[in-house]
Amino acid sequence: MKTVIAEKPSVAREIAALLGATEKKEGYMEGNGYYVTWAFGHLVGLAMPEDYGLKGFDKAVLPILPDPYQLTVRKIKKDKEYIPDALALKQLKVIEKLFNSCNEIIVATDAGREGELIFRYIYSYLECQKPFERLWISSLTEKAIKDGFANLKPGRDFDGLYYAAQGRSCADWLVGINATQALSISAANGIYSLGRVQTPTLGLICRRYLDHNAFQVEKYYQIQLIHQKEFVEFKSLSRTKWNDRKLADDTLGSIKRNGNSATVISVESKTVNELAPLLFDLTGLQKEANKRLNLSANETLKIAQDLYEKKYITYPRTGSKYIPEDVWSTIPELVRSLQDRETCKEAVGKMKWGRFNKRIVNDLRVTDHHGLLITGKIPSALNARENAVYDMIAFRLLEALSHACIKEVTDVVLQASHYEFTLKGSKVTEPGWRGIKGSFVADDAEPEQELPELRKGDELKIMESKILEKKTNPPKLYTEGSLLAAMENAGKDIENADERKAIQQIGIGTPATRASIIETLFSRNYVQRDKKSLIPTEKGLQVYSLVSDKKIADVAMTAEWEMVLQKIENNEADAGAFRRDIETYAKTITQELLQIEVAKPEQPKLVCPKCQNKELLIRDKVVKCPEEICGWIQFRNVCGVTLGMNDIELLVTAGKTRLIKGMKSKSGKTFDAFIVMGEGGKTEFEFEKKKKK
């Protein structure tokens, strides 16, 4: 008998059906010489300090450097303690029984770093010695699974992948546990969570927020002229920017007095080729879905994972935008299948058959998995968001296979009363990939004007003129999409050119983990959403102020570790050396953080609104009465928005907060409301009265 272990029950059922293992058992399927079982994600993980007999936060035992690391069954929180998850324990017993009963194991967890770690930790925890092979596939279609089982790979071929996953796991433990305990001990005011990737990411958000707020907005003025030639109307803009409105007015008056016309002094035309975009990798899909659909990185990942498990797309947790040569032959059939999808039919009709662009083919740029593709199985009965994400992937494939969009771009300089004015024109000569959707400019770009034929020396009458009042713009606050881009390109601001070049393709986190890192910042009450923007909370800014100049916040170092992990995965670096480096680093940051002196914030003294007797305890996540019999409590996170101290004080003393904006209902709708204190200390929403027109 052979035991197949998948990452999830849904994937196990697909595999079992193809293998003929149709007899349902408790926690597995059986038949045709196979047991097919499953994990529920990470059933086993690294043990926590209390498993080593270290309870509470004790300065004397820091840094904690396990040797060896212990593994433990997944735990869940019950009351104030963590206990083994009963579901995980039950499934582990099933897996142990099947491992003991079989001759060989086939690993069918997701084909990536985390999927490998899920299996290896279970295998190690159960002290199993049975030989194992690896099913390595990029989609869950029947053909892919059958081909995968026909070409099983030796399990030990993936030792590098496991060592990289284990190295990442241990590094996150060492940094997260030691840094969190050290800073929390220094602060002596609750728990301050820090992490190897989490903290540099928080640093990105805080720095941008502070730069945005500190930016001094300045007004300036430009003159816009409107011309007409050959019945074509077009605009030009002054090169000069005036800080003084009067100077701009005087210039405009001078232009009007001097004939109210402009002379063409130069015309430069050039052909611009806009290359077709490559396929989506996961981060690219998340950025686009955030921009177009306002989906969070985590929501996009979940939708993509569901589409994968329903066999509509290939494996989503990919860091590549390319496909290998052997996949190219399947592409025409994938495109043909989209003719049966109503939303894609018109776009497929624009494809130039026999002339597909092969730019996406590059064996050297394919990592564990190739770029995101559809599978040829056309979706049915998807919800609106799933349909939208699927279409993004499908249209990107069609765009990637199309040729460059060719434009004739013309730059013109005019002169009016000794002042220069510029205008740019663009004419599409070959739509190429932009013709797939019919959009010929970038989303954030001004529409490009078409110009009549202009020659040097032409006199253009000014039909209309006006002064435009403009403002300098602060750095934009991060959205999830732009934050993902910043994490992906975290090395670009590094001053040392060699270091910058080494990690420019690495960034911090991986495509598979960046979404969970952002979600962690939300769950820690470090970051909140303001419409699409990400802004730090009071606590997030406080943590950043404490660690901004410490090694824990160093983006460059975190990115360099990602590079080392990638080398370990490719058997080009030593996992043991990496662990020793991380241990040295953990010692350094622990000492740094233990030496921090944290100023205790002044908290208002508020009396419980229910019992009117005890002074309220103010914490990061709750404000509550210390009297158990009273039990009054107010959670500070209300419908996705964290209440600041001003709002808490207003609620308790005046019975009503200011208008809280951007809260989200259970159905996902955004709303604004006051939070008011009702009878017996119960809080409720009060909605703003609409003003009569």
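It should be noted that the structure appears before, not after, this text.
Given the structure is predicted, the values throughout are model-derived calculations rather than measurements. (Residues numbered from 1 in each chain as written. Predicted model: local features only at pLDDT ≥ 70, side-chain atom pairs only at ≥ 80, totals over all residues. Heavy atoms only, no water.)

Things to note about the overall build of the protein chain
Okay, step 1: The secondary structure content of the protein chain amounts to 20 helices and 27 strands.
Okay, step 2: Expressed as lengths along the three principal axes of its C-alpha atoms, the size of the protein chain is roughly 95 × 75 × 55 Å.
Okay, step 3: Out of the 693 residues in the protein chain, the part that is buried amounts to 49%.
Okay, step 4: Partitioning the intrachain contacts of the protein chain with sequence separation of at least 6 by distance along the chain shows that 70% fall at a separation of at least 24.
Okay, step 5: Total accessible area on the protein chain is roughly 35,200 Å²; 48% of this is exposed by carbon and sulfur atoms. (Helix = DSSP H or I, 4+ residues; strand = E, 2+ residues; numbered from the N terminus. Buried < 20%, exposed > 50% of the residue type's maximum accessible area, 1.4 Å probe, protein only. Contact = heavy atoms within 4.5 Å. Areas by Shrake-Rupley, 256 points an atom, 1.4 Å probe, with all protein chains shown as cover.)

Description of helix α6 (residues 198–214)
Okay, step 1: Over its 17 residues, α6 extends 24 Å from the first C-alpha to the last, a length consistent with the 24 Å expected when each residue adds 1.5 Å.
Okay, step 2: Close packing links the buried residues of α6 with α14 (480–488), α16 (514–523), β18 (527–530), β19 (533–536), α17 (538–547) and α18 (555–569). (Expected span 1.5 Å × (residues − 1).)

Quick word on the packing of aromatic side chains
Okay, step 1: In this structure the tally under the stated criterion is 16 aromatic pairs.
Okay, step 2: Where F119 meets F132, the ring centres are 5.1 Å apart and the plane angle is 65°; that geometry is what we call edge-to-face. Pair noted here: F119 is in helix α3 (residues 113–125) and F132 is in strand β10 (residues 132–134), with a separation of 13 residues, a long-range link.
Okay, step 3: Residue class for F132 comes out buried when judged on its relative accessible area of 9%.
Okay, step 4: By the ring-pair criterion, three or more aromatic residues cluster together here, those being F99, F119, Y123 and F132.
Okay, step 5: Lying across the ring of F158, R134 places its NZ or CZ 6.0 Å from the centre. (Phe/Tyr/Trp six-rings, centres within 6.5 Å; stacked < 30°, edge-to-face > 60°. Lys NZ or Arg CZ within 6 Å of the ring centre and 35° of its normal.)

Some words on the pairing of strand β1 (residues 2–6)
Okay, step 1: Summarising burial for β1: four of the five residues are buried, a large majority.
Okay, step 2: Note: β1 against strand β9 (residues 104–108), five bridges, orientation parallel. Among the inter-strand pairings, K2 is bridged to a residue of β9, identified as E104. (Pairing = 2+ DSSP bridges.)

Focus: the pairing of strand β8 (residues 81–84)
Okay, step 1: Where strand β7 (residues 75–78) meets β8, four bridges bridge the pair, whose relative direction is antiparallel. Along β8, the bridge assignment pairs I76 with I83.
Okay, step 2: What sits between the antiparallel neighbours β7 and β8 is a turn of two residues, in which D79 has the positive phi angle 60°.

Comments concerning the sheet that holds strand β16 (residues 419–430)
Okay, step 1: Here we have six strands rolled up into a closed barrel, ordered β12-β13-β16-β15-β14-β17, and antiparallel in their pairing. The average angle at which neighbouring strand axes cross in this sheet is 35°, direction not considered.
Okay, step 2: Across eleven bridges, strand β15 (residues 405–416) lies against β16 in antiparallel orientation. Across the sheet, residue K407 finds its bridge partner in β16, namely V428.
Okay, step 3: Relative to the sheet, helix α7 (residues 245–257) contacts β12 (219–229), β15, β16 and β17 (459–471), its axis offset from that of β17 by approximately 175°. (Axes fitted to C-alpha atoms, helices over the stretch in contact; angles between N-to-C directions.)

Observations regarding the nonpolar core
Okay, step 1: The biggest cluster of nonpolar side chains holds 87 residues, and the ones touching the most others in it are F99, I105 and I122.
Okay, step 2: No other element matches the 13 residues that helix α5 (residues 159–187) contributes to this core.
Okay, step 3: Apart from residues no more than four positions distant in its own chain, I122 is found in contact with I5, A39, L43, V44, L92, I95 and F99.
Okay, step 4: Of all hydrophobic cores here, the second largest spans 64 residues; its members include A6, V36, L285 and I313. (Core = buried A, V, L, I, M, F, W, Y, C linked by side-chain atoms within 4.5 Å.)

Concerning empty space enclosed by the protein
Okay, step 1: Tallied over the full model, the rule gives one cavity of 30 Å³ or more.
Okay, step 2: Lining the largest cavity are V11, I15, A108, T109, D110, A111, L135, I137, L140 and Y308.
Okay, step 3: Class assignment for the residues of the lining of the largest cavity results in eight nonpolar, one polar and one charged. (1 Å grid on protein atoms, 1.4 Å probe; cavity = no way out; pocket = protein on both sides within 12 Å on 5 of 7 lines; lining within 4 Å. Points joined across faces, edges and corners; volume = space filled by probe spheres on them. Nonpolar A, V, L, I, M, F, W, Y, C, P; charged D, E, K, R; others polar.)

Regarding the packing of α6 against α17
Okay, step 1: Across the interface, α6 lies against α17 with an axial gap of 10 Å and an inter-helix angle of 105°. Looking at the two axes, α6 sits roughly perpendicular to α17. Across the interface between the two elements, T199, L202, G203, C206, R207, Y209 and L210 from α6 touch G540, L541, V543, Y544 and V547 from α17.
Okay, step 2: Here the residues of the contact of α6 with α17 are counted per class, giving eight nonpolar, three polar and one charged. (Parallel < 35°, antiparallel > 145°, perpendicular 65-115°, else oblique.)

Re the environment of G680
Okay, step 1: One can find G680 in the loop between β26 (670–677) and β27 (683–686).
Okay, step 2: Look at G680 and you get exposed, because its relative accessible area is 54%.
Okay, step 3: As a C-alpha pair, G680 and A586 span 94 residues in sequence and 49 Å in three-dimensional space.

Examining a positive patch on the surface
Okay, step 1: On the surface, a cluster of positive charge is made up of K77, K80, R524, R619, K621 and K624.
Okay, step 2: Mapped onto the elements, K624 comes out in strand β21 (residues 622–624). (Patch = residues over 30% accessible without salt bridge, like charges linked within 9 Å, V, L, I, M, F, W, Y side chains within 5 Å. Salt bridge = Lys/Arg side-chain N within 4 Å of Asp/Glu carboxyl O. Lys, Arg positive; Asp, Glu negative; His and termini not counted. Charge placed at Lys NZ, Arg CZ, Asp CG, Glu CD.)

Focus: the sheet that holds strand β3 (residues 28–31)
Okay, step 1: Spatially, β2-β3-β4-β1-β9-β10-β11 is the arrangement adopted by the seven strands of the open sheet, whose pairing is mixed. Lying at the two open borders of the sheet, with one neighbouring strand each, are β2 (23–25) and β11 (153–154).
Okay, step 2: Strand contacts of α3: β1, β9 and β10, with the helix running at about 175° to β10, the strand carrying the most contacts.

What to know about the environment of N489
Okay, step 1: Relative to the assigned elements, N489 resides in the loop between α14 and α15 (497–503).
Okay, step 2: Taking the C-alpha atoms as reference, N489 lies 22 Å from E299; in sequence the two are 190 residues apart.

A word on helix α20 (residues 645–654)
Okay, step 1: Taken as a whole, α20 has its buried residues at M645, D647, I648, L651 and V652. All buried residues of α20 lie within an arc of 165° about the axis, which places them on one face of the element. Across from the buried face of α20, at angles greater than 90 degrees, the exposed residues are N646, T653 and A654.
Okay, step 2: Phi for G655, located one or two positions after α20, is positive at around 85°. (Arc of directions from axis to C-beta.)

So, the pattern of salt bridges
Okay, step 1: Under the criterion given, the structure shown has 45 salt bridges.
Okay, step 2: A salt bridge links D51 to K75, with the nearest nitrogen and oxygen atoms 2.6 Å apart. Placement of D51 in the loop between β5 (44–46) and β6 (71–73) and of K75 in strand β7 is noted, with a sequence separation of 24 residues between them.
Okay, step 3: Note on D51: relative accessible area 27%, which makes it partly exposed.
Okay, step 4: Three or more residues joined by partner-sharing salt bridges are found here, namely E114, R168, D172, R196 and E562.

What about the environment of W561?
Okay, step 1: By secondary structure assignment, the location of W561 is in helix α18.
Okay, step 2: Classification of W561 as buried rests on a relative accessible area of 9%.
Okay, step 3: When the C-alpha positions of W561 and T318 are compared, they lie 19 Å apart, and in sequence the two are 243 residues distant.
Okay, step 4: The contacts of W561, once residues within four sequence positions are left out, are R196, F578, I582 and Y585.

Note that all results are geometric; they support no functional claim without further evidence.
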